[in-house]
Amino acid sequence: MGAGFQTGEQVVHAFFERWNAHDSDGVAALFVDDADFVNAVGIWWRSNCAICKALAYGFERIFGRAKIELHKVKTRRLHPDIEIVHITSTLFGQKTIDGQEVEPRPAVLSFVTERKQHGIPILTAHNTDQIPQTDTLIRANGSALGVSYQQPRRICPELSRELQKALWGLKPDKNAR
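Residues numbered from 1 in each chain as written. Predicted model: local features only at pLDDT ≥ 70, side-chain atom pairs only at ≥ 80, totals over all residues. Heavy atoms only, no water.

Draft legend 1. Summary view of the pairing of strand S7 (residues 136-140). Taken together, the five bridges between S7 and strand S8 (residues 143-147) define a ladder with antiparallel strand orientation. Considered in S8, the bridge of Leu-137 is made with Gly-146. The loop that links S7 with its antiparallel partner S8 comprises two residues; one of these, Asn-141, has a positive phi angle of about 55°. (Pairing = 2+ DSSP bridges. Helix = DSSP H or I, 4+ residues; strand = E, 2+ residues; numbered from the N terminus.)

As structure tokens, then:
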């Protein structure tokens, strides 16, 4: 559990190194036993064993050749032994069920680490996808769609005419993107 690391940032970098090696056991070993991890779609894993299982499944079915590239790292010390580490990143190489590569996924991940007697494990992590030109998500027709309230004419074509009218009182603009 985070043995050998001197800072929360170091253990978080180890998380991504192990993730990029598709080492689910190695990633899970960085977490405390009763850790929490919320993934990009809100699935909440409540132990390092659950995290390990989910990652093993993901590496086998979804992220077999995927890699994560880190961009920015910001650490905030809340207490001499507790840090929050925020990371911006991009996931490359995710595949669809039928094996087609999808577009890269930018994200923000947050980690809380705590210095313990034998290292600095991760207590909790949360992954959030970044969706450009989007303020929030709405549920429509069984899907989550990114929408912008600042640029209401940028309407997703998947939204029904009724939903567009209810959200913005607008008719869909077929030329808007």
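Draft legend 2. Here's a closer look at the side chain of Thr-113. If you trace the backbone, Thr-113 turns up in strand S5 (residues 105-114). Here Thr-113 falls in the buried class, since its relative accessible area comes to 1%. Contacts of Thr-113, omitting those with residues within four sequence positions, involve Gly-8, Val-11, Val-12, Asp-81, Ile-82, Glu-83, Ile-120, Pro-121, Ile-122 and Leu-123. (Buried < 20%, exposed > 50% of the residue type's maximum accessible area, 1.4 Å probe, protein only. Contact = heavy atoms within 4.5 Å.)

Draft legend 3. Layout of the nonpolar core. Counting 30 residues, the largest nonpolar core has Phe-15, Phe-16, Trp-19, Phe-31 and Phe-111 as its most contacted members. Secondary-structure elements contributing two or more residues to this core are helix H1 (8-20), strand S1 (31-38), helix H3 (48-61), strand S4 (82-92), S5 and strand S6 (122-129). Among the elements that make up this core, the one with the highest residue count is H1 (six residues). Residue contacts for Phe-15: discarding those within four places in its chain leaves Val-27, Leu-30, Phe-31, Phe-37, Phe-111 and Ile-122. (Core = buried A, V, L, I, M, F, W, Y, C linked by side-chain atoms within 4.5 Å.)

Draft legend 4. Region of the structure containing the pattern of salt bridges. Per the counting criterion, the structure on display carries five salt bridges. The closest approach of N and O atoms between Arg-61 and Glu-60, which form a salt bridge, is 3.6 Å. Each member of the pair, Arg-61 together with Glu-60, is exposed. Here Glu-101 makes a salt bridge to Lys-95, at a shortest N to O gap of 3.5 Å. With a relative accessible area of 54%, Glu-101 lands in the exposed category. Under the relative-accessibility criterion, Lys-95 is labelled partly exposed at 30%. (Salt bridge = Lys/Arg side-chain N within 4 Å of Asp/Glu carboxyl O.)

Draft legend 5. Broad picture of the sheet that holds S5. Overall, mixed pairing links the six strands, which are arranged S2-S1-S6-S5-S4-S3 in an open sheet. Here the strands that pair on one side only, and so sit at the sheet edges, are strand S2 (44-45) and strand S3 (67-79). In terms of strand pairing, S3 meets S4 through 11 bridges, oriented antiparallel. Counterpart to His-79 in the pairing with S4 is Ile-82.

Draft legend 6. Up close: the packing of aromatic side chains. By the definition in use, this model includes nine aromatic pairs. Relative to Phe-16, the ring of Phe-15 lies with its centre 5.0 Å away and its plane at 80°, an arrangement referred to as edge-to-face. Each member of the pair Phe-15 and Phe-16 is classed as buried. Centroid distance Phe-15 to Phe-111: 5.0 Å. Interplanar angle 65°. Geometry classified as edge-to-face. Here Phe-15 is found in helix H1, whereas its partner Phe-111 is found in strand S5, with 96 residues between them in sequence. Here Phe-15 matches Phe-111 in class, with each residue buried. Within the aromatic cluster, the residues linked to one another by ring pairs are Phe-15, Phe-16, Phe-31, Phe-37, Trp-45 and Phe-111. Lying across the ring of Trp-44, Arg-46 places its NZ or CZ 3.8 Å from the centre. (Phe/Tyr/Trp six-rings, centres within 6.5 Å; stacked < 30°, edge-to-face > 60°. Lys NZ or Arg CZ within 6 Å of the ring centre and 35° of its normal.)

Draft legend 7. Up close: H1. For H1, built from 13 residues, the straight-helix expectation of 18 Å at 1.5 Å per residue is met to within 8% by its first-to-last C-alpha distance of 19 Å. Listed as buried for H1 are Gly-8, Val-11, Val-12, Ala-14, Phe-15, Phe-16, Trp-19 and Asn-20. Backbone geometry just after H1 places His-22 at a positive phi near 60°. (Expected span 1.5 Å × (residues − 1).)

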